[in-house]
Amino acid sequence: SYFNGGGDLSISTPSTESLIPTDGIITSVAAKNCDTSSSNSQESFMNQIEQWVAMNPKTAPYKAEEALSRLWVAQQEVFSEDPSGDAPILISTESVNRVMKAWEHSGLGIVAAERAERLLRWMEEDLQGARAALLPRADYHSYASVISSWSKAAITESAKPCKSQVVTNSRGRVKQTMISQSTKIGFECAKQSEEMLMKMQREHERRLQEDGAYTDELQPDTALFHHVLRGWSEIKGGTKASATRAIRILDLMQELRHHQSHSESWQGLRFFKILPNLTTYKLAIKAWTSAVHTPEGPDRAEEILRHMLSMSSAGNAADISPDLHCFHMVMSAHAELVRKKRARSDDGVPSVERARKVTALVEWLDLISMRNSKLRPTAETLRIAMHAWVYSHHVDAPQEVEYILSRLIRTDSAETEDYNTLINACSFARGVGVGVIDEDDIDALVQKQMTHLHLFGMAEQALQSLLSSSTAKADSATFSGILRACTNLVPDTDERDAKVLELFRLAYQTEPCDSAVAKATSPERKQSPAGGGCVDANVLRQLRKSLPTTEAYIKARERFESYRLLRAGSSNESAH
């Protein structure tokens, strides 16, 4: 047969009209080329589709659909030559489902979803006469492929690059970011996925009323609801509307679950096809954390998290007990909003309040971990809290970051970036929380200098801890940060210039950490020169800003170059 022959098909797109030929003369060539055994023919057809998908998933559905149309023509001819009804069945529901599955996994977005739905409509056509027996009928897997295709299309289409639209104020600053066209297309695809699920549910209820007996042939299950939820949750540039639609799906699942457990028609059945679980609630949380166009997203996500904890603690739903990933999603959403809005978000909540919410979630995990070790805070948990405080630029940020770093050090989880985070938090806290100080108010100026010196002491202590650490090593970012901290926090005196030169000398005398990844990603001009220790272009740039005159900078560079060349020469001699 053709499918056993291994011949390749052209990638021409079949007609956009129905795959069923309505008129025209059907030749006998197709029938003669088909295997007389229906099971072998269907198996060969599906195996061929699998081969096409393995070779190229983007072209496979076009080939599969064209092959399906040819097989349909052959099926009609077989029945026309043998109208007795004993002719073999060449096309089954499983065969069509395999073509729809190829569209689902093609990654072609809205094109794949439309073509899969077109095949479903073809299977649902109400034909009369002999042709009614030929047409495969849609089943659970048919609807599942279409629902999944539209859900994947929502994610794919929303992620496509699109020119962002912004609204600026009179000073040219961004006032509001408009929803991109890609996000709007993704929203429509997610809506199609939801509508297809509702259609399947209505068809299931219609069959229940007509048959009078329970049947789960077309009953949507938890997996299908998750497909729709994933479409709403993973839209890039999500909105309050997309998150609200996701919560509506969750509410519908709970309503159907309640109906199944209390309705007389389901009495005696131990298995329920719709049962919200941990994945369901994770998708609901993700819907709100992905809603970047609304500032209330993190708060709504935290409400769901607290609801999960209360339900599981009460013993009503042990299978929805939140895991560490749920906490990380909510904490990251708060931290990201702090990073974007800085001083105050659109809902009027100061950034420091959101940073404190992240810290409160860490403390909550500390309490829960006493009876559930799986929810013990990890290094990732602490780093999320650390970044939230750094983004807030609050006067308390250095102290909070120092405490979090101490916890990482106690567990031997501290990395170079963690030490650098504390150093940068101190260097950027120069003007935070100080307010307007009268130049004649000597006591206030002295208090400000004492605060700054205390912050620099914290940064210098972090540097010393890093240099003595056995799990992390200083890099160029460490020394550019400590030079910045010295410039921002120490009074502009000769002592500060001497401290800058001392820190710079320490930078080129410190062995850099061996990071192949950093060397591969950094431009050559920004990498540390041979024998230069932890000094790169960023450190030299910060040195130039820190020293008062060009002459002082040139002298420091000359001493550095002399040391570097001597060290590089010694390394070359030892290598030979």
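Let me sum up the structure you'll find in this document. (Residues numbered from 1 in each chain as written. Predicted model: local features only at pLDDT ≥ 70, side-chain atom pairs only at ≥ 80, totals over all residues. Heavy atoms only, no water.)

## A closer look at the overall build of the protein
Stated precisely, the cut-off is as follows: Note on conventions: DSSP H or I runs of at least 4 residues are helices, E runs of at least 2 residues are strands, and numbering of each starts at the N terminus. When accessible area is computed with a 1.4 Å probe and restricted to protein chains, residues below 20% of their type maximum are described as buried, those above 50% as exposed, and intermediate ones as partly exposed. Contacts are assigned to residue pairs with any non-hydrogen atoms lying within 4.5 Å of each other. Note on areas: Shrake-Rupley with a 1.4 Å probe; residue coverage comes only from the protein chains shown.
From N to C terminus, the protein includes 24 helices and 2 strands. Considering the protein as a whole, with its 576 residues, one finds that 44% of them fall into the buried category. Taking contacts inside the protein between residues at least 6 apart in sequence as the whole, the part at least 24 apart equals 71%. Of the roughly 29400 Å² of accessible surface on the protein, a fraction of 51% belongs to carbon and sulfur atoms.

## Some points on unusual backbone geometry
At histidine 393, a position not held by glycine, the phi torsion is positive, near 55 degrees. Secondary-structure assignment places histidine 393 in the loop between α16 (379-392) and α17 (397-410). In the Ramachandran plot, aspartate 412 falls in the positive-phi region, its phi being about 55 degrees despite a non-glycine side chain. Structurally, the position occupied by aspartate 412 is in the loop between α17 and α18 (416-427). Here aspartate 412 falls in the exposed class, since its relative accessible area comes to 60%.

## Overview of a nonpolar patch on the surface
For clarity, the cut-off: Each patch is built from salt-bridge-free residues with over 30% relative accessible area, joining like charges within 9 Å and nonpolar side chains (Val, Leu, Ile, Met, Phe, Trp, Tyr) within 5 Å. Any Lys or Arg side-chain nitrogen located within 4 Å of an Asp or Glu carboxyl oxygen qualifies as a salt bridge.
Taken together, the side chains of Ile442, Val446, Met450 and Leu453 make up a nonpolar region of the molecular surface, amounting to roughly 370 Å² of accessible area. Mapped onto the elements of the fold, isoleucine 442 is located in helix α19 (residues 442-467).

## Re empty space enclosed by the protein
Defined as follows: Buriedness for pockets is judged along seven lines, at least five of which must meet protein on both sides within 12 Å for an open set on the 1 Å grid over protein atoms alone, while cavities are sets there where a 1.4 Å probe fits but cannot get out, and lining residues have an atom within 4 Å of a point. Grid points are joined across faces, edges and corners, and a volume is the space filled by probe spheres set on the points. In this classification, the charged set is Asp, Glu, Lys and Arg, the nonpolar set is Ala, Val, Leu, Ile, Met, Phe, Trp, Tyr, Cys and Pro, and all remaining amino acids, among them Gly, are polar.
All chains considered together, the criterion is met by 1 cavity of 30 Å³ or more. In this model, the largest cavity occupies a volume close to 40 Å³. Lining the largest cavity we find Leu501, Phe504, Arg505, Tyr508, Ala556 and Arg559. Elements supplying a minimum of two residues to the lining of the largest cavity: α21 (494-509) and α24 (550-575). The leading source of residues in the lining of the largest cavity is α21, at 4 residues. Within the lining of the largest cavity, the residues separate by chemical class into 4 nonpolar, no polar and 2 charged.

## Overview of the environment of histidine 328
Note that histidine 328 resides in helix α14 (residues 324-341). The spatial distance from the C-alpha of histidine 328 to the C-alpha of leucine 361 is 9.4 Å, given a sequence separation of 33 residues. Leaving out residues up to four positions away in the same chain, histidine 328 has contacts with Thr378, Glu380, Thr381 and Ile384.

## Concerning helix α13 (residues 297-313)
We count it as follows: Expected span, for any helix, means 1.5 Å times one less than how many residues it has.
In this model α13 runs 24 Å from its N-terminal to its C-terminal C-alpha over 17 residues, within 8% of the 24 Å that 1.5 Å per residue would give. Within the span of α13, buried status applies to Gly297, Pro298, Asp299, Ala301, Glu302, Ile304, Leu305, Met308, Leu309 and Ser312.

## Remarks on the nonpolar core
Our working rule: To qualify as a nonpolar core, a set must consist of buried Ala, Val, Leu, Ile, Met, Phe, Trp, Tyr and Cys residues joined through side-chain atoms within 4.5 Å.
In terms of nonpolar packing, the biggest core is built from 135 residues, with Ile285 and Phe504 touching the most fellow members. Sorting elements by how many residues they give to this core places helix α4 (residues 60-81) first, with 9 residues.

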